[in-house]
Amino acid sequence: MKITVCIGSSCHLKGSREVVEELQQLIAENDLKDKIDLCGTFCMGNCVNGVNVTIGEEIFSLKPETTKNFFDTQVLKRI
Amino acid sequence: MRKFDTKVQDLKYKVLREVARHAFEDRLAESFIDIPDEIVVGNKPTMRCCVYKEKAIVAERIKLAMGGDKNNPNVIEVIDIACEECPMGGYAVSDACRGCIAHRCEEVCKRGAIYFDHTQKAHIDKDKCVECGQCAKVCPYTAIVNIKRPCENACKVKAISMNENWAVSIQNEKCTACGACVYQCPFGAIMDKSFIVDVVELIRKSNHNHNYKLYAVVAPSVSSQFSNAQLGQVIRGIKELGFFHVVEAALGADMVAMTEAKELSEKGFLTSSCCPAFVDYIRKEFPDMAKHISENLSPMATIAKYIKETTPNAKVVFIGPCTAKKMEFQREEVRPFIDSVITFEELQALFDSRDIDLSVLEEDVLDNASYYGRIFARSGGLSDAVREALKEQGLEDFDFNPISCDGIEACRLALRKASRGNLPNNFIEGMACVGGCIGGAGCVTHEERNKSEVDKYGQEALEKTIQDAISVLK
Ligand code: SF4
Ligand code: SF4
Ligand code: FES
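Residues numbered from 1 in each chain as written. Chains lettered and ligands numbered in written order. Predicted model: local features only at pLDDT ≥ 70, side-chain atom pairs only at ≥ 80, totals over all residues. Heavy atoms only, no water.

Student: Whenever I open this one, the pattern of salt bridges confuses me. Can you help?
Tutor: Pairing of side chains with opposite charge becomes possible as their charged atoms draw close. Within this structure, the stated rule accounts for 42 salt bridges over all chains. Note that A:Asp72 is salt-bridged to A:Lys68, the shortest N-O span being 3.0 Å. Here A:Lys68 and A:Asp72 lie together in helix H3 (residues 67-78), a separation of four residues that amounts to about one turn. In this structure, the salt-bridge partner of B:Glu295 is B:Lys267, at a minimum N-O distance of 2.8 Å. On the criterion of sequence distance, the pair formed by B:Glu295 in the loop between helix H12 (276-285) and helix H13 (299-310) and B:Lys267 in helix H11 (residues 249-267) is long-range, its members being 28 residues apart. Residue classification places B:Glu295 among the exposed positions, given a relative accessible area of 65%. (Salt bridge = Lys/Arg side-chain N within 4 Å of Asp/Glu carboxyl O. Helix = DSSP H or I, 4+ residues; strand = E, 2+ residues; numbered from the N terminus. Buried < 20%, exposed > 50% of the residue type's maximum accessible area, 1.4 Å probe, protein only.)

Student: Would you mind going over the packing of aromatic side chains with me for this structure?
Tutor: Given two aromatic rings, one states the distance between the centres and the angle between the planes to describe the pair. All names here are of chain B. Taken as a whole, this structure holds 10 aromatic pairs over all chains when the rule is applied. Measuring from centroid to centroid gives 6.3 Å for Phe226 and Phe344, while their planes differ by 85°, and the two rings are edge-to-face. Here Phe344 lies in helix H15 (residues 344-353) and Phe226 lies in the loop between strand E9 (213-218) and helix H10 (231-241), a separation of 118 residues in the sequence. Site record: aromatic cluster; members linked through ring pairs are Phe226, Phe344 and Phe351. (Phe/Tyr/Trp six-rings, centres within 6.5 Å; stacked < 30°, edge-to-face > 60°.)

Student: Sorry, what's going on with the interface of chain B and chain A here?
Tutor: A common measure of how large an interface is: the accessible area buried when the components associate. With 23 residues of chain B at the contact, the number on the chain A side is 18 residues. Our enumeration of links across chain B and chain A arrives at two salt bridges. The salt bridge involving A:Arg17 is made with B:Asp468; its shortest N-O contact spans 3.4 Å. Where chain B meets chain A, there are 10 residue pairs in polar contact (both at pLDDT 80 or more). (Contact = heavy atoms within 4.5 Å. Polar contact = N/O pair within 3.5 Å; in protein donor to acceptor, adjacent residues only side chain to side chain.)

Student: How do you make sense of the site of ligand 2 when you look at a structure like this?
Tutor: In the vicinity of ligand 2, the contacting residues are B:Cys275, B:Pro276, B:Ala277, B:Cys322, B:Met431, B:Ala432, B:Cys433, B:Cys437 and B:Gly440. For the shell around ligand 2, the class distribution of residues is eight nonpolar, one polar and no charged. (Near = heavy atom within 4 Å. Nonpolar A, V, L, I, M, F, W, Y, C, P; charged D, E, K, R; others polar.)

Set out below in structure tokens:
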């Protein structure tokens, strides 16, 4: 599964780094390194809703605080 | 409001702006011949002997603005008819010589090149003179002057000479495309080729970023360039032009700092590879030292590579202060990542060709890199970043001893010592431009405050360490 986090300027200022770091940690904790491919991209053209994250074609709007919830409810069920 | 340092830059800018305007309107091919009449108006000459010459020179500038001579691999070109064939000849005694009794000039000249005529006025025997300049220093009337062409004086790699017609000529085998001569020629007879038309095409053909996403990678020196607008407005302006997103080259610099620190700790001695003019200079003048050039791509190429690897269907234009980057992006190892290069001068021309008034735009944001990546723009910044990167990677034990060289003369000195094995330092930070990239030839302004602007911009970075800035990239 491919999760892409927007690391464009606008999302970066809203906390992409925290989101990425949190996801990295959650992936490691859940032993999902082989299953999840985490990557970055510069801007998804949806800056106002940042931090933008996509799983495949689906787009999600995250904050550092909501990352764990996103992982539990959206990522895990797709594994 | 004054935008440029000199009128020469302003003239060049006008040509670039009109060429871009015609290109955006998709009528360049039919109507570029009208541009001289749009720029040189009326029949009173303001720059040259007559308006016909002025127009003829503008026509030459248009050619360069449209990409220049395809048969000349160099991006720095001479406009023959614009060269005023300035006098040259080195040290000479001027009319200010009073024919004094002391004759300090004669005393100080070790070569015996000074002689006197029957009125006791001094002359220099050019067969004996070695151009050391001692006589000029001691003359109490400062009557001895050094007559040099500004272009020749600007070119510290000695790539400039004159041709049989006394006009300037550039030896491509020596030229590093630093652009110093472009900025220094008071007649604008040397110009960097422009890829502005290619960039307009990239914008148009992207069809509002539907066909591909067009990214702008901007050099950190941007922070000092547009004094009449906030940086955020400049970023908005770039997007108004039709770019999808703007990314800091400084993030590439953060990435480079990390790998360069590691490489240095392994190899023990390194020269930087960020400045293409410096790298080219080493390859041309100190080939034995070439093996010590860091294997890193430049920050520009590094970040562009990352963009292309992570975003399918991306195209990248680099916007910076640098004419040498116009050579670098054509190199085999960089070409896949960078689609075109323009300077800040050319960016200004693009804005105005679309009548984009930066000062009324809403501010956008630019943030990815750390403080360290951003200060690459000025001399000393790269060394600071490598020191930090050594620390962040637990390599403090490495005895880091850098030398920061800005300007080719300083680079030459360090390289010469290193090639003879008597340079005490183990890292040469080389920048061809005095002051670093903030002194680049493609800058809109070259002012004292530019350095502090860059430092300020560095301090504004959200990420304080290099590790933080690049942690998202893995
Ligand atoms: S671009 Fe630089 S190296 Fe080339 S001729 Fe001009 S001053 Fe010399
Ligand atoms: S110092 Fe900077 S602007 Fe000047 S030639 Fe080198 S990279 Fe280009
Ligand atoms: S910066 Fe994330 S969508 Fe634009």
